[in-house]
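Below, each chain spelled out in residue letters.
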Amino acid sequence: MSKIENPNRRNIAIIAHVDHGKTTLVDAMFKQSGLFRANQDVSERIMDSMDLERERGITIAAKNCSIVWKNVRINIIDTPGHADFGGEVERALSMADGAILLVDASEGPLPQTRFVLKKTLEAGLKVIVVINKIDRKDARVAEVLDEIYDLFIDLAATDQQLDFTYLYAVGRDGIVKKQLSDNTDNLHTLFDTIIKEIPPPAFDPDEPFQMLVSDLGYSDYLGRLAIGKIINGSVKSKENLICINSQQEHIPLRVTKLQTYQGMAFQPVESAEPGDIIVLSGIEDVKIGDTICTSSQPKALKRINVDEPTISMKFTINDGPFSGMEGKYVQSAKIRERLYKETLMNVAIQVEDLEQRDSFLVKGRGEFQLAILIETMRREGFEFCVGRPEVIYKYKDGQKLEPIEQFFVDCGESYLGIVTEKLSIRKGKMTNLVNNGTGRVRMEFSVPSRSLIGYRDEFLTDTKGTGIMNSSFAGYDSYRGDFPTRFTGSIVADRKGDAVAYALFNLEPRGNLFVTPGTPCYEGMIVGEHNRETDINVNHAKTKKLTNMRASGKDDAVILSPIKPMTIERALNFIRDDEVVEITPKSIRLRKTILSAQKRK
């Protein structure tokens with residue numbers, strides 16, 4: 001039997017690169033669809049609900065919301081624009097029937113745009129292109145449109161997909177127009193285009209209820225929440241259903257509460273129809289990709305495949321002298337419970353227990369994703385230690401394979417040499433170089449993932465903060481050989497005690513310091529970066545010998561150079577294999593794994 005469409009629903013994913021204005025556009029859609037009262041006080045970037053998202057200006061977790069326009073409910077699925085959170089993209093697209101691709105009118109399509117667009121075209125979704133920020137002084141609207149066409153052709157889009165509708169926008173002001181010359185001051189064109197161009201969800205009227213679990217939530221009151229789109233059939237609250245897992249086992253379940261999205265919030269409903277994105281509670285053992293269906297006619301849907309993790313990091317309890325002084329949760333059982341809770345919400349993260357007690361191996365898509373996890377746990381009051389991020393190797397037919405990234409650089413012409421030199425030392429191969437004659441060049445490299453651990457800070461220093469770098473995972477390839485990761489050693493404290501200005505002043509010629517006078521230190525703690533390759537043990541608490549004879553000018557106040565505050569990313573980039581980062585809610589300290597200088601020898 002042919003499929004029937006549900007004309008009152010549209011499910012659309014919004015995809016864009018970091019900083020291309022996606023969250024701001026969604027804000028405007030909320031305000032203009034009548035979701036809020038005219039005088040309601042609404043914060044900016046509503047979709048960035050986590051503190052970290054607001055601080056860093058990026059989307060970390062995929063989120064859903066809905067608006068109603070001309071009696072049609074449009075479900076909007078927000079996807080992250082950063083490659084490290086790519087695990088969120090596959091499952092967001094599994095709920096969508098179409099996508100809006102948002103591209104900056106000056107920067108054009110960047111690598112993450114490419115990554116998500118490739119997944120969108122593979123899923124056979126209809127795409128509407130919106131060229132945003134057309135009010136920028138350096139906007140190159142016509143060229144960017146050509147670049148988007150090139151990208152579609154490059155990604156083997158079908159003739160139907162190539163015939164996309166494109167609109168122009170100033171997301172910040174909530175304006176979308178069909179032609180650059182149009183004089184509009186609202187988003188009505190965008191809403192009408194979505195309803196006209198994006199196909200309504202289609203379903204088979206003869207099939208029983210089927211829903212694919214695309215996302216998981218967690219509520220302290222309702223327990224596990226399974227979020228997904230109804231593919232066929234309808235469902236009522238309190239109905240008895242079954243869940244079909246990856247082993248094709250049938251787990252019976254009873255829906256305790258059925259909810260849909262209204263704006264950003266959940267709205268309890270009695271029943272839901274095909275094409276609706278719903279939230280079911282009352283299911284304990286459910287994973288992303290499972291099918292929920294009726295017990296009378298069980299039928300599994302195709303599972304969602306998520307790219308596997310490429311980076312791993314070791315988490316352990318804090319066994320240093322300052323253990324438990326600043327953190328609320330220090331026990332390994334608490335840390336383990338928190339890490340496993342993260343895997344329930346985040347598909348791309350995996351956790352394994354290690355043989356050594358109190359140690360866990362956490363795997364993810366990139367060091368940035370793991371740094372965000374560490375920062376989140378730290379704010380929740382956890383105290384623990386983490387080791388250096390390492391890439392996950394694979395072995396095939398006796399050959400060692402490693403993850404490779406497609407790496408894009410946009411920088412001034414004068415920095416071309418230093419960037420190429422640094423990346424070639426790190427086993428990178430240049431695959432493309434474009435010079436538009438604007439004073440900036442664009443380069444593409446194929447680089448091992450391990451080369452990029454710690455490269456961001458170095459890159460920003462080399463390009464004086466003006467370079468832009470982006471990367472996306474390109475797959476596994478044969479191992480490219482070893483290269484040096486750090487040319488400097490560590491300055492290590494050799495005793496317990498507070499740092500003293502006199503001692504630090506005399507240590508300054510040896511390298512860059514990480515501590516200020518008065519900082520509590522202990523034996524084995526790293527207080528600075530040594531200029532040479534070797535580590536040195538120093539007395540950071542040495543005071544000046546006092547005599548009763550004073551020479552004039554000998555007692556001038558000691559003036560120390562200012563130090564750069566330590567961040568999690570910088571700490572993870574700095575440490576070597578025999579060092580760890582101690583994370584507490586108040587401090588980030590670097591230390592040797594073995595604290596005693598005697599044992600290290």
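Residues numbered from 1 in each chain as written. Predicted model: local features only at pLDDT ≥ 70, side-chain atom pairs only at ≥ 80, totals over all residues. Heavy atoms only, no water.

Colleague: Can you lay out the environment of Val 581 for me, pointing to particular residues and giving the numbers?
Modeller: Here Val 581 lies in strand 36 (residues 579–583). Sequence spacing of Val 581 and Ile 526 is 55 residues, and the spatial spacing of their C-alpha atoms is 9.8 Å. The contact partners of Val 581, leaving out residues within four places of it in the chain, are Phe 384, Cys 385, Val 386, Ala 571, Leu 572, Ile 575, Ile 588, Arg 589 and Leu 590. (Helix = DSSP H or I, 4+ residues; strand = E, 2+ residues; numbered from the N terminus. Contact = heavy atoms within 4.5 Å.)

Colleague: Help me get a handle on the side chain of Thr 584, residues and values and all.
Modeller: By the element assignment, Thr 584 lies in the loop between strand 36 and strand 37 (588–592). Beyond its immediate chain neighbours, meaning those up to four positions away, Thr 584 contacts Glu 326, Arg 378, Phe 382, Glu 383 and Arg 589.

Colleague: Let's hear about helix 9 (residues 367–379): which residues, and what values?
Modeller: For helix 9, with 13 residues, the first-to-last C-alpha span of 18 Å sits near the 18 Å given by 1.5 Å per residue. Taken together, the buried positions of helix 9 are occupied by Glu 367, Phe 368, Gln 369, Leu 370, Ala 371, Ile 372, Leu 373, Ile 374, Glu 375, Met 377 and Arg 378. Among the residues trailing helix 9, Gly 381 stands out with phi positive, at a value near 100 degrees. (Expected span 1.5 Å × (residues − 1). Buried < 20%, exposed > 50% of the residue type's maximum accessible area, 1.4 Å probe, protein only.)

Colleague: So, empty space enclosed by the protein: which residues are in play, and what are the values?
Modeller: It is a probe the size of a water molecule, rolled over the atoms, that shows where empty space is left. Following the criterion strictly, the structure yields one cavity of 30 Å³ or more and no others. Lining of the largest cavity is provided by Leu 125, Lys 126, Val 127, Phe 152, Gln 160, Gln 161, Asp 163 and Phe 164. For the lining of the largest cavity, the secondary-structure elements that each account for two or more residues are strand 6 (126–132) and helix 6 (159–162). (1 Å grid on protein atoms, 1.4 Å probe; cavity = no way out; pocket = protein on both sides within 12 Å on 5 of 7 lines; lining within 4 Å. Points joined across faces, edges and corners; volume = space filled by probe spheres on them.)

Colleague: I'd like a description of the nonpolar core, backed by residues and values.
Modeller: In this structure, Leu 101, Leu 117, Val 129, Ile 131, Ile 148 and Phe 152 are the most contacted members of the largest nonpolar core, which totals 38 residues. The element that contributes the greatest number of residues to this core is helix 5 (residues 141–154), accounting for six residues. For Val 129, the contacting residues outside a window of four places in its chain are Leu 101, Ile 148, Phe 152, Phe 164, Thr 165, Tyr 166 and Leu 167. Membership of the second largest hydrophobic core comes to 30 residues, among which are Val 351, Ala 571, Val 581 and Ile 583. (Core = buried A, V, L, I, M, F, W, Y, C linked by side-chain atoms within 4.5 Å.)

Colleague: Give me the lowdown on the sheet that holds strand 30 (residues 489–493), citing residues and values where you can.
Modeller: Strand order in the open sheet formed by four strands is 32-34-30-35, and the pairing between neighbours is mixed. Edge positions in the sheet fall to strand 32 (511–513) and strand 35 (536–538), since each has one partner strand and no second. Along the sheet, successive strands turn relative to each other by an average axial angle of 30 degrees, direction set aside. Pairing of strand 30 with strand 35, which is carried by three bridges, proceeds in the parallel orientation. (Pairing = 2+ DSSP bridges. Axes fitted to C-alpha atoms, helices over the stretch in contact; angles between N-to-C directions.)

Colleague: With reference to specific residues and values, describe the packing of aromatic side chains.
Modeller: Going through the model one piece at a time under the given rule, you end up with eleven aromatic pairs. Summarising the aromatic geometry, the rings of Tyr 149 and Phe 164 are spaced 4.6 Å apart at their centres and angled 25 degrees between planes, so their arrangement reads as stacked. Remark: Phe 164 occurs in the loop between helix 6 and strand 7 (165–170) and Tyr 149 occurs in helix 5; sequence separation between them is 15 residues. You can call Tyr 149 partly exposed: its relative accessible area is 28%. Given the relative accessible area of 5%, Phe 164 is considered buried. Centre to centre, the rings of Phe 322 and Tyr 522 are 5.0 Å apart; their planes meet at 85 degrees, and the pair counts as edge-to-face. With Phe 322 in the loop between strand 20 (311–316) and helix 8 (332–345) and Tyr 522 in the loop between strand 33 (520–521) and strand 34 (526–530), this pair connects stretches of sequence that are 200 residues apart. On the basis of relative accessible area, Phe 322 is assigned to the buried category, the value being 9%. (Phe/Tyr/Trp six-rings, centres within 6.5 Å; stacked < 30°, edge-to-face > 60°.)

Colleague: Quick one: what's the story with the side chain of Arg 9, residue by residue and with numbers?
Modeller: By the secondary structure assignment, Arg 9 is in strand 2 (residues 9–16). With relative accessibility at 13%, the residue Arg 9 sits in the buried group. Once you skip the residues sitting within four places of it in the chain, Arg 9 turns out to touch Val 72, Arg 73, Pro 200, Pro 201, Glu 273 and Asp 276.

Colleague: Please give an account of the pairing of strand 5 (residues 98–104) that cites residues and values.
Modeller: Most of strand 5 sits out of view: seven of its seven residues are buried. Of the two faces of strand 5, the one lined by Gly 98, Ile 100, Leu 102 and Asp 104 and the one lined by Ala 99, Leu 101 and Val 103 are each fully buried. Relative to strand 5, strand 2 is paired through five bridges, and the arrangement is parallel. Bridge pairing in strand 5 places Ile 14 opposite Ile 100.

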